[in-house]
Structure formats: C-alpha cells, structure tokens
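# Residue-level structure breakdown
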Amino acid sequence: AQSVTQLDSQVPVFEEAPVELRCNYSSSVSVYLFWYVQYPNQGLQLLLKYLSGSTLVESINGFEAEFNKSQTSFHLRKPSVHISDTAEYFCAFNQGGKLIFGQGTELSVKP
Amino acid sequence: GAGVSQTPSNKVTEKGKYVELRCDPISGHTALYWYRQSLGQGPEFLIYFQGTGAADDSGLPNDRFFAVRPEGSVSTLKIQRTERGDSAMYLCASSTTSGIYNEQFFGPGTRLTVL
C-alpha cells in the first residue's frame with residue numbers, strides 16, 4: 001500500500017539552529033509530494049510541493065525540500081529557524097486527487 | 001477573498017445522536033474534500049466531490065457516514081448513530097478542480113466530541 005512515514009513525532013530546536021524534518025514515502029507509481037504546515041489554532045497551509053522538474057523546491061519563508069527517488073525521501077530543511085516556525089508539519093502525496101498524509105512532526109522552536 | 005469555512009467550529013454530542021457538519025468552499029472551486037484527523041495523527045481522506053457527484057468515497061469508514069453536495073458548492077458531512085470513536089477534527093478542503101496539480105485549501109475544521 002502507498003504510504004507516507006514521518007520519522008520524528010517531535011523535534012525541539014533552539015532558535016537560529018538548523019532543522020531537518022524527515023519524510024519517506026512508499027509508492028509504486030509516480031509521486032507528487034507536499035509539505036503542509038499547521039500553526040496553532042489555524043488550518044493546514046501548503047508550504048511547498050514537488051510535482052516534476054527540479055528535485056529541490058523552496059518555500060517563501062526559507063524552507064526547502066529535496067525529492068530523492070532512490071531513497072524515497074522528501075525531507076524538509078531550514079538552515080536557521082525562528083520562534084514563529086513552531087507548528088505541526090505534515091508530509092503528503094497526492095494519490096488520484098486525494099492527499100495521503102504522514103503522521104505529522106511537531107516542531108518546537110525555543111529561544 | 002474568503003477561504004474555506006466550516007461550521008460549527010466545535011460540536012459536542014452524545015453517543016447515538018446524529019450530527020451534520022457543514023463546509024463552504026472557496027467560491028468557484030469545483031472540487032471539495034473531507035478529511036478526518038484524530039489526535040496525534042495526520043489527516044485521513046474520507047470523500048471528495050467533483051461538482052455535485054462523489055468522485056471517490058473510499059475513505060468513508062462505514063455506512064454511518066454520508067456526505068452530500070447537492071448544488072456543487074456547500075457540502076454536508078452526516079454521521080448517524082455517533083460513536084465515541086468518531087471524536088476527531090473533521091477538515092474540509094477545496095480546489096479549483098480535482099487532480100494532482102491543484103492546491104487544496106483547507107478550512108479551520110470542526111472538532112467533534114462524542115460523549
């Protein structure tokens with residue numbers, strides 16, 4: 001079955017430190033991958049997506065993710081996090097129009 | 001413009017009761033999706049509509065769950081004979097059309113608690 005695994009349920013980091021949130025997928029067909037973010041008391045928002053082309057995709061607030069087909073991964077990274085990045089992050093792929101989500105990673109940025 | 005809205009934001013009901021959850025998609029969006037998110041889990045797909053018809057209802061857990069979208073805009077998720085295990089956040093999303101390239105915009109959700 002096609003699935004998404006987020007390897008860390010919680011990631012605590014200090015402000016201005018780098019962070020990596022890990023995501024692995026399992027699929028026998030072409031994948032279209034997404035990272036969504038859910039800030040406290042807000043709805044899910046699209047952070048970035050990979051559909052085709054360059055395997056490195058970036059968001060407007062400094063996050064980036066790299067699609068690695070050989071390792072079936074789509075890890076999310078940021079070189080220097082801010083307090084405002086504290087949120088839950090979900091990796092997902094699109095299967096026939098519907099999104100299949102991972103379990104989520106709670107990023108907690110401390111001063 | 002306005003985003004996806006969901007009402008009510010919170011719903012508390014008793015086991016065995018019937019509930020309806022409403023979703024107002026972004027104007028002009030023809031595709032509408034329902035997901036359920038249990039505590040500590042990622043959202044799980046329930047059903048999606050393209051226009052008025054359900055294009056994929058494979059995620060509905062059983063026949064107590066039903067959803068409609070009679071005029072191709074507002075959708076209602078209906079749960080009969082609620083059980084404590086139905087307690088979760090119910091999320092609605094919409095997109096311009098269905099398919100892999102179209103971003104799904106999510107509403108704030110309805111938190112359902114079954115006592």
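First, a word on what this report is: a plain description of the structure on this page. (Residues numbered from 1 in each chain as written. Chains lettered and ligands numbered in written order. Predicted model: local features only at pLDDT ≥ 70, side-chain atom pairs only at ≥ 80, totals over all residues. Heavy atoms only, no water.)

### Describing the sheet that holds strand β7 (residues 65-68) of chain B
All names here are of chain B.
- Overall, antiparallel pairing links the four strands, which are arranged β1-β3-β8-β7 in an open sheet. Strands with a single pairing partner mark the edges of an open sheet, and in this sheet they are β1 (5-7) and β7. If you compare each strand with its neighbour and ignore which way they point, the axes differ by 15° on average.
- Of the strand pairs in this sheet, β7 and strand β8 (residues 75-79) are connected by four bridges, and their pairing is antiparallel. Counterpart to Phe66 in the pairing with β8 is Lys78. (Pairing = 2+ DSSP bridges. Helix = DSSP H or I, 4+ residues; strand = E, 2+ residues; numbered from the N terminus. Axes fitted to C-alpha atoms, helices over the stretch in contact; angles between N-to-C directions.)

### Remarks on the side chain of Arg64 of chain B
Residues and elements named next belong to chain B.
- Position of Arg64 relative to the elements: it lies in the loop between β6 (53-56) and β7.
- Given a relative accessible area of 6%, Arg64 falls into the buried group.
- Apart from the residues lying within four places of it in its own chain, the contact partners of Arg64 are Lys78, Ile79, Gln80, Arg81, Thr82, Glu83 and Asp86. (Buried < 20%, exposed > 50% of the residue type's maximum accessible area, 1.4 Å probe, protein only. Contact = heavy atoms within 4.5 Å.)

### Notes on the interface of chain A and chain B
- Taken residue by residue, the interface counts 18 residues in chain A and 20 residues in chain B.
- Note on chain A versus chain B: buried area summed over both sides is about 1600 Å², and carbon and sulfur give 58% of it.
- Remark: the boundary between chain A and chain B carries one salt bridge.
- In this structure, Lys98 of chain A engages Asp56 of chain B in a salt bridge whose closest nitrogen and oxygen atoms are separated by 3.3 Å.
- Here chain A and chain B share five residue pairs in polar contact (both at pLDDT 80 or more) between them.
- Counting only elements with at least two residues in the side of chain A that touches chain B, the list comes to β5 (33-38), β6 (44-50), β10 (87-95) and β11 (98-101) of chain A.
- Classifying every residue of the side of chain A that touches chain B gives nine nonpolar, seven polar and two charged. (Buried area = accessible area lost by both parts, 1.4 Å probe. Salt bridge = Lys/Arg side-chain N within 4 Å of Asp/Glu carboxyl O. Polar contact = N/O pair within 3.5 Å; in protein donor to acceptor, adjacent residues only side chain to side chain. Nonpolar A, V, L, I, M, F, W, Y, C, P; charged D, E, K, R; others polar.)

Worth remembering: the numbers are spatial, not functional.
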